[in-house]
Amino acid sequence: MARSRLDRKGLSLAGKLIFSLCTIASVLLATAVMSILEYRRMSDYVTEEIGMNIGCINASRSLSELVDGYGHDILLAVGSADSLSAGTANEVLLREKDCREAFSALLSLETEESMDSLKASFESYIRTAGELPSVLESGRKAAMGWFFGTLRPCYSEFNRLVVAYDSLVHERLMIKADEFDLGFYRSLVPVIVSVIAGLLLITLLLFFLLSFYVKPLYRMLGNMEDYISHGKKYTYDFEGDDQLRQLNARITEVVDENVEFKRRVKLLKEEKLREES
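Residues numbered from 1 in each chain as written. Predicted model: local features only at pLDDT ≥ 70, side-chain atom pairs only at ≥ 80, totals over all residues. Heavy atoms only, no water.

**Thoughts on the overall build of the protein chain**
Operational definition: Helix and strand assignments come from DSSP, with helices taken as H or I runs of at least 4 residues and strands as E runs of at least 2, each series counted from the N terminus. Contacts are residue-level and defined by heavy atoms, with any inter-residue pair within 4.5 Å sufficient. Here the accessible surface of atoms and residues is derived via Shrake-Rupley with a 1.4 Å probe, and residues count as covered only by protein chains that are part of the display.
A tally of helices and strands in the protein chain yields 7 helices and 0 strands. Element order for the protein chain, N to C, with α for helix and β for strand: α-α-α-α-α-α-α. Contacts in the protein chain between residues at least 24 apart in sequence constitute 77% of all its contacts with a sequence separation of at least 6. When the accessible surface of the protein chain is totalled, it reaches about 17700 Å², and 62% of it is carbon and sulfur.

The following block contains the structure:
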């Protein structure tokens, strides 16, 4: 009896292959996008932090140079205290504005509490340096005593805090560099996962193809060879709902019809021989 058509509908052979390949591509694409986004996020964050720290170092260096120049001008004024006019002393003090602008630029980049002690030391130095006009009136000897006994310690304390601040910023730069390295390796994790997942999916796809398509095809071919060579009945069947199952069903129908046809031909021949005899 010829087999009836398959009633159950499902994904076609091409649909299953396309679905499997699209699944692999989706996993690889999703992990690649995750990796890119993670790397970009870390890159933007660390770049911003490093840029701010470098700006702090440059502002600190500029401030130190201005304060050093300010102190040098004060020292020259103190060395010429006996012949220096009050107007010249006031001209020296005009550099205070440049120093304050440089310190304000540094404060605009830095908001940590560590700036409090540096700010207090800077204000102390500027306030002490502002005593220059009155100090110069007391003569060169008294002015030199004021410079080395009062102003110089203020400068030394300020310079010590600036050096400590620069060291702190350099430490932060190293930390941000380490965070960037960590973020880079972290961004590689999705790539590694995607490669492993892709290999696993490809292995599963290969197993799927071998189990549900290659193996049935070999079985179908073997049964056909047995039918053609030895006249055995085509009996192979398997579960499925795609074109391969339909092909196997059509082959079974054709073979069954061919067997039936041969049986009828044989009966006709036998009947004809009996009539002739």
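Now that the structure has been shown, the text picks up again.
**Concerning the nonpolar core**
Applied cut-off: Throughout, nonpolar core names a set of buried Ala, Val, Leu, Ile, Met, Phe, Trp, Tyr and Cys residues whose side chains join them through atoms within 4.5 Å. Working definition: with a 1.4 Å probe on protein chains only, accessible area under 20% of the residue-type maximum means buried, over 50% means exposed, and in between means partly exposed.
Of all hydrophobic cores here, the largest spans 37 residues; its most connected members are Tyr70, Ile74, Val78 and Leu132. Secondary structure elements with two or more residues in this core: helix 1 (13-79), helix 2 (86-93), helix 3 (95-109), helix 4 (115-129), helix 5 (132-136) and helix 6 (140-230). Judged by nonpolar contacts, the second largest core, of 8 residues, contains Tyr213, Met220, Tyr234 and Val255.

**Here's the deal with a nonpolar patch on the surface**
Stated precisely, the cut-off is as follows: Grouping into patches uses exposed residues only, defined as over 30% relative accessible area, and leaves out salt-bridged ones; the cut-off is 9 Å for like charges and 5 Å for nonpolar side chains (Val, Leu, Ile, Met, Phe, Trp, Tyr). Definition used for salt bridges: Asp or Glu carboxyl oxygen within 4 Å of a side-chain nitrogen of Lys or Arg.
A surface patch of nonpolar side chains, amounting to about 830 Å² of accessible area, comprises Tyr39, Phe184, Tyr185, Leu188, Val191, Ile192, Val195, Ile196 and Leu199. We classify Ile192 as exposed; its relative accessible area is 51%.

**Some remarks on the packing of helix 3 against helix 4**
Heads up, the rule is: Angles shown run from 0 to 180 degrees and are taken between the N-to-C directions of axes, each axis being a line fitted to C-alpha atoms and, for helices, limited to the stretch in contact. To sort the angles, those under 35 degrees are grouped as roughly parallel, those over 145 as roughly antiparallel, those from 65 to 115 as roughly perpendicular, and the leftovers as oblique. For this classification, the nonpolar set comprises Ala, Val, Leu, Ile, Met, Phe, Trp, Tyr, Cys and Pro, the charged set comprises Asp, Glu, Lys and Arg, and every other residue, Gly included, is treated as polar.
Interaxial distance between helix 3 and helix 4 falls to 12 Å at its minimum, and their mutual angle equals 175°. If you check the angle between helix 3 and helix 4, you find them roughly antiparallel. Judged by residue contacts, Glu96, Cys99, Arg100, Phe103, Leu106 and Leu107 of helix 3 engage Met115, Leu118, Lys119, Phe122, Glu123 and Ile126 from helix 4. In terms of residue class, the contact of helix 3 with helix 4 is built from 8 nonpolar, no polar and 4 charged.

**Notes on the pattern of salt bridges**
All chains considered together, the criterion is met by 6 salt bridges. The residue Arg245 makes a salt bridge to Asp237 at a minimum N-O spacing of 3.4 Å. Residue Arg245 is classed as buried on the basis of its relative accessible area of 14%. Each member of the salt-bridge network shares a partner with another, and the members are Glu96, Arg100 and Glu123.

**Points about the environment of Phe148**
Relative to the helices and strands, Phe148 resides in helix 6. Between the C-alpha atom of Phe148 and that of Leu75, which follows or precedes it by 73 residues, the distance is 9.4 Å.

**Quick look at the side chain of Asp166**
Where we set the bar: The charged-residue count follows a simple rule in which Lys and Arg add positive charge and Asp and Glu add negative charge, with His and chain termini not counted at all.
Secondary-structure assignment places Asp166 in helix 6. No salt bridge forms around the buried Asp166; measuring N to O, its nearest opposite-charge neighbour Arg61 is 6.5 Å away.

**So, the packing of aromatic side chains**
Applicable threshold: Only rings of Phe, Tyr and Trp enter the pairing, Trp through its six-membered ring, and a pair is recorded when the two centres are within 6.5 Å. The plane angle decides the type: under 30 degrees is stacked, over 60 is edge-to-face, the rest tilted.
Going through the model one piece at a time under the given rule, you end up with 6 aromatic pairs. Ring geometry for Phe103 against Phe122: centres 4.4 Å apart, planes inclined by 5°, an arrangement best described as stacked. Taken as a pair, Phe103 in helix 3 and Phe122 in helix 4 lie far apart in primary sequence, 19 residues in all. Each of the two residues, Phe103 as well as Phe122, counts as buried. Through pairs of rings, three or more aromatic residues link up here, namely Tyr70, Phe103, Phe122, Tyr125, Tyr155 and Phe158.

**Regarding the side chain of Asn248**
With respect to the helices and strands, Asn248 occurs in helix 7 (residues 243-276). A relative accessible area of 0% places Asn248 in the buried class. With sequence-adjacent residues up to four places away left out, Asn248 is seen in contact with Met220, Tyr234, Tyr236, Asp237 and Phe238.

**Re the environment of Phe158**
Inspection of the secondary structure assignment puts Phe158 in helix 6. On the accessibility criterion, Phe158 (2% relative accessible area) is buried. Put simply, Phe158 and Glu123 are 35 residues apart on the chain and 9.4 Å apart in space, counted from C-alpha to C-alpha. Excluding its chain neighbours within four sequence positions, the residues that come into contact with Phe158 are Leu63, Val67, Leu118, Ser121 and Phe122.

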